[in-house]
Amino acid sequence: MEIGKIVAPQGLGGEVRVYPNTDFPERFEEAGTRWMLRPGECEPQPVELLQGRYIEGKNLYVIQLEGVSDRTAAENLRDCRLFVPISDRPELEEGEFHVIDLIGLSVFMQESGDLIGTVVDLLPSGHDLLEVKFDPAFDEKKAGKTVLIPFVMEIVPVVDLENRRIEITPPPGLLSIND
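What you see is a predicted model, and the numbers here were worked out from it, not measured in a lab. (Residues numbered from 1 in each chain as written. Predicted model: local features only at pLDDT ≥ 70, side-chain atom pairs only at ≥ 80, totals over all residues. Heavy atoms only, no water.)

## Thoughts on the sheet that holds strand S1 (residues 2–10)
Then comes step 1: Around the barrel, six strands lie side by side as S1-S2-S5-S4-S3-S6; this closed barrel has antiparallel pairing. Ignoring strand direction, the axes of neighbouring strands in this sheet form an average angle of 45 degrees.
Then comes step 2: Strand direction decides the pairing type here: strand S3 (residues 32–37) and strand S4 (residues 45–55), joined by five bridges, are antiparallel. Opposite Met 36, over in S4, you have Gln 45 as the bridge partner. (Pairing = 2+ DSSP bridges. Helix = DSSP H or I, 4+ residues; strand = E, 2+ residues; numbered from the N terminus. Axes fitted to C-alpha atoms, helices over the stretch in contact; angles between N-to-C directions.)

## Concerning the packing of aromatic side chains
Then comes step 1: In this structure the tally under the stated criterion is three aromatic pairs.
Then comes step 2: Ring geometry for Phe 28 against Tyr 61: centres 5.3 Å apart, planes inclined by 35 degrees, an arrangement best described as tilted. You can see Phe 28 sitting in the loop between strand S2 (15–20) and S3 and its partner Tyr 61 sitting in strand S5 (residues 60–65), a full 33 residues away along the chain. As far as the burial class goes, Phe 28 and Tyr 61 line up, both buried. (Phe/Tyr/Trp six-rings, centres within 6.5 Å; stacked < 30°, edge-to-face > 60°. Buried < 20%, exposed > 50% of the residue type's maximum accessible area, 1.4 Å probe, protein only.)

## Focus on a negative patch on the surface
Then comes step 1: Judged by side-chain charge, Asp 23, Glu 93, Glu 96 and Asp 128 come together as a negatively charged surface patch.
Then comes step 2: For Glu 96, the position within the fold is in the loop between strand S6 (81–83) and helix H2 (99–102).
Then comes step 3: Overall, Glu 96 belongs to the partly exposed group, its relative accessible area being 42%. (Patch = residues over 30% accessible without salt bridge, like charges linked within 9 Å, V, L, I, M, F, W, Y side chains within 5 Å. Areas by Shrake-Rupley, 256 points an atom, 1.4 Å probe, with all protein chains shown as cover. Salt bridge = Lys/Arg side-chain N within 4 Å of Asp/Glu carboxyl O. Lys, Arg positive; Asp, Glu negative; His and termini not counted. Charge placed at Lys NZ, Arg CZ, Asp CG, Glu CD.)

## Considerations on the sheet that holds strand S10 (residues 146–150)
Then comes step 1: In spatial order, the strands read S10-S9-S8-S7-S12-S11; together these six strands make up an open sheet with mixed pairing. On the outer flanks of this sheet lie S10 and strand S11 (158–160), each paired with one strand and no other. If you compare each strand with its neighbour and ignore which way they point, the axes differ by 35 degrees on average.
Then comes step 2: Note: strand S9 (residues 129–134) against S10, five bridges, orientation antiparallel. Its bridge partner lying in S10, Glu 131 is registered against Leu 148.

## With respect to the pairing of S4
Then comes step 1: As paired elements, S4 and S5 share six bridges and run antiparallel to each other. Looking at S5, one finds that Arg 53 is bridged to Val 62.

Laid out in structure tokens, this is it:
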């Protein structure tokens, strides 16, 4: 499960800046094994995170990895992605979901059972937004376009991970935004 991407070196001592892609960014402050995937490679390799800290106002973490001791070595890690095993996922409360579990779920109208489309992303905002790509069967003119659906109980009353489906009750006009 991807948790972040190395975006740049930090200073001269081999530290790197990481843009977090996780709901649990404290993973960048706790030492231990992570997995790193270099651009163009298929298999992530284990890497030891020695320490990390958050940079206020930039939404970035600065981390030190074992064996990376100078700016050149850190520069060579640009665009590498960091991962943890799926088994390291924290337990969630009732009604909370891991983003990776929502991507790819089919979205249906609760009342009619019509397939609307597929979740392609979850965008954080005041209330998270499901980005749903319309299915051609729902509306040929909208095929391939996306709509943002507020991820709130009133609009998304059913998330059934076992059956890989979401049911929605959108207010009038929500699905016509992209007309």
